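For reference, the chains in residue letters:
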Amino acid sequence: MITFKDLSLVYPNGTPGLKDVNVTVNEGEFVVIVGLSGAGKSTFIRSINRMVNPTEGELYVEDENILDLKGKDLRKLRTKVGMIFQNYNLVNRSSVFKNTISGRLGHTGTLKSIFNLFSKEDKARAYNNLKRVNIEEYIYQRADQLSGGQQQRVSIARVLTQDPKLILADEPVASLDPPTSHQVMQYLKKINTEDNITTIVNLHFIDMAMEYADRIIGMRDGEVVFDGPVSEVSEKTFEQIYNRPIREDDLRGSDTDDGEE
Amino acid sequence: MGKYLPPKPHQTQKRIRNLIIYTILAIIFIWAFKGVWDRADWSVFNNLAEKFQRVIPSLFSPDWNQLDKVWEKIVETVFIAYAGTLIAAILAVPFGFWAAKNMVKSPIWNTLGKWFLILDRTFPELILAIFFVITVGPGAFAGVLTIGLTAFGMLGKLYAEVIESIDMKVVEAMEANGANKMQILFYAIFPQVLPEFLSFALYRFEIDIRASTILGLVGAGGIGTLIVLSAANRNWEQLGLILLGIIVVVSVIDFASTKIRKRLV
């Protein structure tokens, strides 16, 4: 469970990121955060693993106020919170396997990891997670030889390898084409339901949000302007969140074929 | 193509400015060459042909009997370059990180690192070589130290630039999964920089081979000492062999290193 209590964030240069956010995310929920760029979606997500530092309020992850965590405790929090990025953030020159097992670093001693001495279970875990996202045939290829959708799947496998309680995905499909986007979202959804991992995804595509979310949080100018189950959401809701009529580029488009392979 | 583009504006002012600059440059050139022409000691060229006839044919008929001696010194030269570059390539790693903007939080501390490397690069090789010949005595060790110290400054700067150009998003991803600084270094940074580090070190090795052939001139070991001796003794046949040896070795190493570097990056 994650609880935002009157959480505000002002960036060092004076830009406000979040204003008085009060949200509770329950275990196992699949939450999609929508909003225009600059609305504070990223700041919201990155507060949860302290990649940004909220300046006021309280933020509880599993009943622990995480705002004062430092050093080892902060790293411990981050091992529990997996993160997926828009640009996959893989090491291009390293193999798919090495990228995947690097998800295990937070659980592994420094010396052991430097000499690549991961336990058998960890290696099996990494391989197994590659299988879950159907990318195991590329295990020994360099990451940069894969397509965008494949790389994003590797980054999902990396996150799974860290055994997270919670997955944050910051615009995971913004760099992908429509069919691949749906594929990636389907994997995230599948993991959410099978492993009961709470998942929070930033999206700016309305149709995708509607298709995959249990619950939608709308943000504008750092404030939460909508929060409710997907059944309560209509086109009107989005127009309120975006504060303008819906346009065609707010939609990703449908899942016309089965991805790029 | 030209007629499809809008006409260029006439910039009379710019043209006049350029004309003035060209005129001034022309005057300086004419003045400089005239000065050289008037003051040159043309007698140098009087028996040029005769001198050339004495030296050049000997240079091109290397004295193969000296091969053992020359070869030994050339190998020593290569070893000096190798040891020096190796020292520099390793020493430059921490300093490269120190001088890289994205690795050091404090800008003052970072600038200090950059300055330190600049300071190192200001020492000319031969001056350093003379310094080390005096302090540690003549011989290969002085050469190694000289090469190590000069290569270190350049490699440190190049390493820093490589580090500054890495994809920090990977670092972000590792931070987000709870890796500590050491693990980030080994899993996110080293895979991105090591091939380039190695490539620059090899490139510097090529330069150092050439540099270490000169170091012997001031007694810092290697083939240079032999060059000075054979030139002083007017032993052109031996000098010819030395030059041939240097050319062959430098070319072979340059060729090999280029091949290896292509595969690295």
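Quantities reported herein were computed from a predicted structural model and do not represent experimental measurements. (Residues numbered from 1 in each chain as written. Chains lettered and ligands numbered in written order. Predicted model: local features only at pLDDT ≥ 70, side-chain atom pairs only at ≥ 80, totals over all residues. Heavy atoms only, no water.)

**Examining the overall build of chain B**
A count of helical and extended segments in chain B gives 10 helices and 0 strands. Written out in order from the N terminus, the α and β elements of chain B read α-α-α-α-α-α-α-α-α-α. A globule of 265 residues ought to have a C-alpha radius of gyration of about 18 Å, yet chain B, at 26 Å, is considerably larger. Residue burial in chain B is summarised as follows: out of 265 residues, 40% are buried. Residue pairs at least 24 apart in sequence account for 76% of intrachain contacts in chain B once pairs closer than 6 positions are excluded. About 16,400 Å² of surface is accessible on chain B, with carbon and sulfur atoms providing 71% of the total. Both charge centroids of chain B, one from 25 positive and one from 19 negative side chains, sit 12 Å from each other. (Helix = DSSP H or I, 4+ residues; strand = E, 2+ residues; numbered from the N terminus. Rg over C-alpha atoms; globule rule 2.2 N^0.38 Å. Buried < 20%, exposed > 50% of the residue type's maximum accessible area, 1.4 Å probe, protein only. Contact = heavy atoms within 4.5 Å. Areas by Shrake-Rupley, 256 points an atom, 1.4 Å probe, with all protein chains shown as cover. Lys, Arg positive; Asp, Glu negative; His and termini not counted. Charge placed at Lys NZ, Arg CZ, Asp CG, Glu CD.)

**A word on the overall build of chain A**
Check the secondary structure of chain A and you find 9 helices and 10 strands. The C-alpha atoms of chain A give 18 Å as radius of gyration, which agrees with the globular expectation for 261 residues (18 Å, within 12%). When its C-alpha atoms are laid out on the principal axes, chain A stretches across 50 × 45 × 35 Å. When the 261 residues of chain A are sorted by exposure, 54% land in the buried category.

**Let's talk about the pairing of strand β1 (residues 2–10) of chain A**
Residues and elements named next belong to chain A. Summarising the sheet, β1 and strand β2 (residues 16–25) pair through 6 bridges and their orientation is antiparallel. By the bridge assignment, I2 is partnered in β2 with V25. As consecutive antiparallel partners, β1 and β2 are separated by 5 residues, and within that stretch G14 has a phi angle of approximately 95 degrees, a positive value. As defined by bridge partners, β1 adjoins strand β4 (residues 56–61) across 5 bridges and the pair is classed as antiparallel. (Pairing = 2+ DSSP bridges.)

**Quick look at the UniProt feature "domain: ABC transmembrane type-1" (unreviewed entry) in chain B**
On the UniProt side, "domain: ABC transmembrane type-1" (unreviewed entry) is annotated at positions that read residues 74–257 of chain B here. The distance separating the terminal C-alpha atoms of residues 74–257 of chain B is 18 Å; by composition the span is 84% helix and 0% strand. (UniProt positions renumbered as here; feature names shortened; annotations may be inferred.)

**A few points about the domain arrangement of chain B**
Interfaces are often sized by the amount of accessible area the parts lose when they come together. Domain annotation of chain B identifies domain 1 (2–37) and domain 2 (61–264). A C-alpha centroid distance of 43 Å is found between domain 1 of chain B and domain 2 of chain B. (Domains from an automatic or database assignment.)

**Some details on the side chain of E171(A)**
Looking at the element boundaries, E171(A) is found in the loop between β7 (166–169) and α7 (178–195). Dropping the residues within four chain positions of it, E171(A) is found in contact with K41(A), Q86(A), N202(A), L203(A) and H204(A).

**Here's the deal with the UniProt feature "transmembrane region" (unreviewed entry) in chain B**
All names here are of chain B. Sites flagged by UniProt as "transmembrane region" (unreviewed entry) map to residues 20–37, 79–100, 126–152, 184–202, 214–232 and 238–256. Counting secondary structure, residues 184–202 comes out at 100% helix and 0% strand; the distance between its end C-alpha atoms is 26 Å. Secondary structure over residues 214–232 splits into 63% helix and 0% strand, and the C-alpha atoms at its two ends are 15 Å apart.

**Overview of the nonpolar core**
Where a protein is soluble and globular, its nonpolar side chains tend to be buried together. Membership of the largest hydrophobic core comes to 80 residues, with the highest contact counts inside it found for I156(A), M185(A) and M174(B). With 9 residues, helix α8 (residues 181–215) of chain B is the largest single contributor of residues to this core. Membership of the second largest hydrophobic core comes to 33 residues, among which are F44(A), L74(A), L77(A) and A176(B). (Core = buried A, V, L, I, M, F, W, Y, C linked by side-chain atoms within 4.5 Å.)

**Quick notes on the pattern of salt bridges**
Tallied over the full model, the rule gives 23 salt bridges over all chains. With a closest N to O distance of 2.9 Å, D170(A) and R46(A) form a salt bridge. Here R46(A) lies in helix α1 (residues 41–48) and D170(A) lies in the loop between β7 and α7, a separation of 124 residues in the sequence. According to the relative accessible area criterion, D170(A) is buried, its value standing at 6%. Between E125(B) and R204(B) there is a salt bridge whose closest N-O contact spans 3.5 Å. Taken together, the residues E125(B) in helix α5 (residues 125–136) and R204(B) in helix α8 connect sequence positions 79 residues apart. Among the residues examined, E125(B) registers a relative accessible area of 26% and is labelled partly exposed. (Salt bridge = Lys/Arg side-chain N within 4 Å of Asp/Glu carboxyl O.)

**Some remarks on the packing of helix α6 (residues 148–161) of chain A against α7(A)**
Between two packed helices, the angle of one axis relative to the other and the distance separating the axes together describe the packing. Residues and elements named next belong to chain A. Running from N to C, α6 and α7 point in directions that differ by 15 degrees, and their axes come no closer than 9 Å. Taken together, the axes of α6 and α7 are roughly parallel relative to one another. In terms of crossing hand, the pair formed by α6 and α7 is right-handed. Residues G149, Q152, R153, I156 and L160 of α6 form the contact with α7, whose participating residues are T180, Q183, V184, Y187, L188, I191 and D195. Its residues assigned to classes, the contact of α6 with α7 shows 6 nonpolar, 4 polar and 2 charged. (Axes fitted to C-alpha atoms, helices over the stretch in contact; angles between N-to-C directions. Parallel < 35°, antiparallel > 145°, perpendicular 65-115°, else oblique. Left-handed = near helix turned anticlockwise from the far one by under 90°. Nonpolar A, V, L, I, M, F, W, Y, C, P; charged D, E, K, R; others polar.)

**Considerations on the interface of chain B and chain A**
Listed as interface residues are 22 residues of chain B and, on the opposing side, 29 residues of chain A. Around 2,100 Å² of area is buried between chain B and chain A when both sides are counted, 57% of it from carbon and sulfur atoms. Two residues, E172(B) and R46(A), come together in a salt bridge whose shortest N-O distance is 2.3 Å. At the junction of chain B and chain A, the tally comes to 12 residue pairs in polar contact (both at pLDDT 80 or more). (Buried area = accessible area lost by both parts, 1.4 Å probe. Polar contact = N/O pair within 3.5 Å; in protein donor to acceptor, adjacent residues only side chain to side chain.)

**Quick word on the confidence of the model for chain A**
Here chain A shows a mean pLDDT of 86. Residues at 70 or above account for 97%. Predicted confidence for residues 257–261 of chain A stays below pLDDT 50, and this span has 12 contacts to residues more than four positions away or in other chains. (pLDDT = per-residue confidence, 0-100.)

**So, the side chain of S113(A)**
As for its position among the elements, S113(A) is in helix α4 (residues 110–114). Polar contacts involving the side chain of S113(A) include one to the side chain of Q183(B), which spans 3.0 Å. Dropping the residues within four chain positions of it, S113(A) is found in contact with L105(A), T108(A), F118(A), Q183(B) and Y187(B).

**Re the confidence of the model for chain B**
Segments scoring low in pLDDT should not have their predicted coordinates read at a detailed level. Confidence along chain B averages 88 in pLDDT terms, with 99% of residues attaining 70 or more. Both scores are available for the predicted complex, with the pTM at 0.79 and the ipTM at 0.83.

**With respect to the packing of aromatic side chains**
Applying the stated rule across the entire model yields 15 aromatic pairs over all chains. Residues F29(B) and F33(B) carry aromatic rings whose centres are separated by 6.1 Å and whose planes lie at 15 degrees to one another, so their mutual orientation is stacked. Of this pair, F29(B) and F33(B) both sit in helix α1 (residues 12–39), 4 residues apart, which is roughly one turn of that helix. You can call F33(B) exposed: its relative accessible area is 57%. Summarising the aromatic geometry, the rings of F186(B) and F190(B) are spaced 5.1 Å apart at their centres and angled 75 degrees between planes, so their arrangement reads as edge-to-face. One end of the pair, F186(B), and the other, F190(B), are both in helix α8, 4 residues apart, so they sit about a helical turn from each other. An aromatic cluster is present here, built from F95(B), W98(B), W109(B), F116(B) and F152(B) joined pairwise through their rings. One Lys or Arg, K98(A), reaches over the ring of Y187(B) and ends 4.9 Å from the middle of that ring. (Phe/Tyr/Trp six-rings, centres within 6.5 Å; stacked < 30°, edge-to-face > 60°. Lys NZ or Arg CZ within 6 Å of the ring centre and 35° of its normal.)

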